[in-house]
Amino acid sequence: MKTHRCLFMIIAAAMLCSCGSSDNGSYIDTKEASGKFESAISSEAVEAPFDDDKARVFLGTNYSYSSSQFAIFEQDRKKLIDLSTGIISSFCDIPGCPHDDTAIDTCKEYMPINNPIFTKDGMYYTNYFSPGKLYFKSAGEEKVVFENTFYTDKEAELEPDAKTGCGFFIRGEIIYVTGMTYFYTVDISTMKQTCEPVIISQSPIWNADVNGDIFYVTNENLELISYDMKSGELKKLADKVWRIQACDDSLYYIKTDEGNNSVFKSDPDGSNEKKLVFDTELSMYVTGKRIYYLRADGLYSCDLSGENAKKISLELTYENGEQYVTSDFGTVQLISCPSSKFIYLLDYTKSTGDKCCNALFRIDKETNEVSATSLGIWYQPENGREEILSY
């Protein structure tokens, strides 16, 4: 149950059905759509070659950023980092709050807030204690701007107390509301629903993206599925797929092949599949010019054909003289969005029970170069202070 909750509250998707609204929520039995699924998608489960921790890592939705701030939302630590000064501030803006465990019942650092999304006007986020609600915070004020009431029998079975819970992501002026098995769209200016929910998967969604009229998901069975929002065509494209990214006229994804993870590229409909990069971790980001990906020994980039690969040096010396090093690039995140000029690499590999040594690097998409290391953070819970060691 806990695994489903982590995946469900982060990101999701859905096949055509009706939607209503009531105080008790709107409900659909996914068995009604079973015939359509059987004709379009194999329901045979694919054995996941990695454990759940690996599978969850690539979603990366507890991080977000704007041109000026980077947000890190952990279970009991929610910080905003000013990218121009390096100053760390708390997401909690309650006057006089100490932001520690003495205020655990009131401090927003301890609230179960997920899915932060920065926009030019403020920040959107969700709260596990208020399933289905999308919050918006700007200029110190926060309010609920949208509430999902839809759910299926899958959500009711796996999350009976939070069956309307969902995730959100934004592309342009459209909010994609994503549940465990479904998705639909909302106009960001009016906060009105613009299409009926579409059930797109029979198992919990892990990853989602959209390109034009095509909505893509991967699920717990590692199936890559597409849904054409114009024609209504539902199609299974591949198996053993972990992460997806639609970019321009191509689809990129990390897929387990011959016992290793590799980066693949295909046409939007899944045809003309080609392996580009062999033996990668579960994090990548594709720009209009290059593919950035992680291997066990560091960060690499190559052109869109998979050629001209090069390793990117990640150097950081902390003020105490310690050199940056990571022992596990499987836990490092590559984070960006289509409208951003940069890709961020966030490293948590030195997290322990006593301290958390993080590194934040910034990669310029246009020059394909890593700028001077953007930030080094040393967390010291024994005195409750976060210190910038290098900027």
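Look a little higher up for the structure.
Residues numbered from 1 in each chain as written. Predicted model: local features only at pLDDT ≥ 70, side-chain atom pairs only at ≥ 80, totals over all residues. Heavy atoms only, no water.

> Looking at this structure, I do not really get the overall build of the chain. What am I missing?
Scanning the chain from terminus to terminus reveals 4 helices and 33 strands. For the chain, buried positions account for 54% of its 391 residues. (Helix = DSSP H or I, 4+ residues; strand = E, 2+ residues; numbered from the N terminus. Buried < 20%, exposed > 50% of the residue type's maximum accessible area, 1.4 Å probe, protein only.)

> Just to check I follow, could you spell out the pairing of strand β7 (residues 123–127) for this structure?
On any regular strand, side chains alternate: one points to one face of the sheet, the next to the other face. Along β7, 5 of the 5 residues are buried, which leaves the element largely enclosed by surrounding structure. Burial along β7 is two-sided: Met 123, Tyr 125 and Asn 127 facing one way and Tyr 124 and Thr 126 facing the other are all buried. Alignment of strand β6 (residues 113–118) against β7, held across 4 bridges, turns out to be antiparallel. Bridge assignment links Asn 114 to a residue of β7, and that residue is Thr 126. A loop of 4 residues connects β6 with β7, the two strands running antiparallel in sequence. As paired strands, β7 and strand β8 (residues 133–138) are joined by 4 bridges and run antiparallel to one another. Its bridge partner being in β8, Tyr 124 is matched across the sheet by Phe 136. (Pairing = 2+ DSSP bridges.)

> I would appreciate a short explanation of the sheet that holds strand β4 (residues 78–82) in the present structure.
Strand pairing in a sheet relies on backbone hydrogen bonds. The paired strands run either parallel or antiparallel. Strand order across the open sheet formed by 4 strands is β2-β3-β4-β5, with antiparallel pairing between neighbours. On the outer flanks of this sheet lie β2 (63–65) and β5 (88–90), each paired with one strand and no other. Across the sheet, the mean angle separating the axes of adjacent strands is 25 degrees when strand polarity is ignored. (Axes fitted to C-alpha atoms, helices over the stretch in contact; angles between N-to-C directions.)

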